[in-house]
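Listed here are the chains, written in short residue letters.
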Amino acid sequence: MLDLCVDNGIHTIIMTSHGTEDREREFKGLTQPSIVREAVRRIKGYTERTGWEFRIILTFTLSLRNNSAEDIRRYFDYCESLGVHVARFNQFADMRNTHPQLRMSPDDVAKTYRTLREVYESRTGKVQLSVSEDFGFWGIEVMDFPKGVGHCVAGERLFGVVYPYVYACPVNLTVVSGKLTEDGDVAWD
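As the structure is a prediction and not an experimental result, all values here were calculated from the model. (Residues numbered from 1 in each chain as written. Predicted model: local features only at pLDDT ≥ 70, side-chain atom pairs only at ≥ 80, totals over all residues. Heavy atoms only, no water.)

Enquirer: Could you clarify how one ought to interpret the pairing of strand S2 (residues 55–62) in this entry?
Expert: Two faces belong to every sheet, and in a regular strand the side chains alternate between them. For S2, the tally of buried residues reaches six of eight residues, placing the bulk of the element in the interior. Bridge analysis of strand S1 (residues 12–16) against S2 gives five bridges, and the strand direction is parallel. Looking across to S2, one finds that Thr12 is bridged to Arg55. Relative to strand S3 (residues 86–91), S2 is paired through six bridges, and the arrangement is parallel. What sits directly across from Leu58, in S3, is Ala87. (Buried < 20%, exposed > 50% of the residue type's maximum accessible area, 1.4 Å probe, protein only. Helix = DSSP H or I, 4+ residues; strand = E, 2+ residues; numbered from the N terminus. Pairing = 2+ DSSP bridges.)

Enquirer: What is the right way to look at the sheet that holds S2 in this model?
Expert: Across a sheet, paired strands are connected by hydrogen bonds in the backbone, their directions being either parallel or antiparallel. Across the sheet, which stays open at both edges, the four strands sit in the order S1-S2-S3-S4 with parallel pairing between neighbours. Pairing within the sheet leaves two strands with one partner each, and these edge strands are S1 and strand S4 (128–131). Pairs of neighbouring strands in the sheet enclose a mean axial angle of 25°, with direction left out of account. On top of the sheet, helix H2 (residues 33–50) reaches S1 and S2; it is set at about 165° to S1, its chief contact. Here helix H3 (residues 69–82) sits on the sheet and contacts S2, S3 and S4; the angle it forms with S2, its principal contact strand, is near 160°. (Axes fitted to C-alpha atoms, helices over the stretch in contact; angles between N-to-C directions. Contact = heavy atoms within 4.5 Å.)

Enquirer: Looking at this structure, how should I read the pattern of salt bridges?
Expert: Should their charged atoms come close, side chains of opposite charge can pair. One pass over the full model with this rule turns up six salt bridges. One salt bridge in this structure joins Arg74 and Asp71, with 3.1 Å as the shortest N-O distance. With Arg74 and Asp71 both in helix H3 and three residues apart, the pair spans about one turn of that helix. Arg74 sits in the partly exposed class, given a relative accessible area of 34%. For Asp71, a relative accessible area of 12% corresponds to the buried category. Connected through salt bridges with shared partners, the residues Glu38, Arg41 and Arg42 form a single ionic network. (Salt bridge = Lys/Arg side-chain N within 4 Å of Asp/Glu carboxyl O.)

So this is what it looks like as structure tokens:
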């Protein structure tokens, strides 16, 4: 798989880490953190052997159960200990309405944004912060994101095309990130 990444010029690997310790969880099919740690170890070993640098990002899902400053600090420390470059956070989505005790209200989201910012700014390590736009808008101003960032509930790395423009958000269609050329290529902005 890593050879395929090299063949295709891919330098970023994003993995979901369901916590920092192996344990039983109430959701089926979640990858245990030990599997993620082994994957990170193998990626780093590959880099040592080949010289191909990967940027490793671990995503953690936050809910009312794990959005405290202590929890978020632990995730950053975990990433630091593994040599991961970015700690990315997204919001728990209760699609089936079966876990109301884990869902965040708009006020909880605003508090979580403040906590993320405070914890990140208090750190001295190298791990960077990334926040999925699935958190929504409540309290987002505390993050001080650049104009146009943080306003798409569809999430990061998604786009919409309304000829001839490519938009950074497929929901709002407000930030133009490219334009289709007559050849069918995209002239990125």
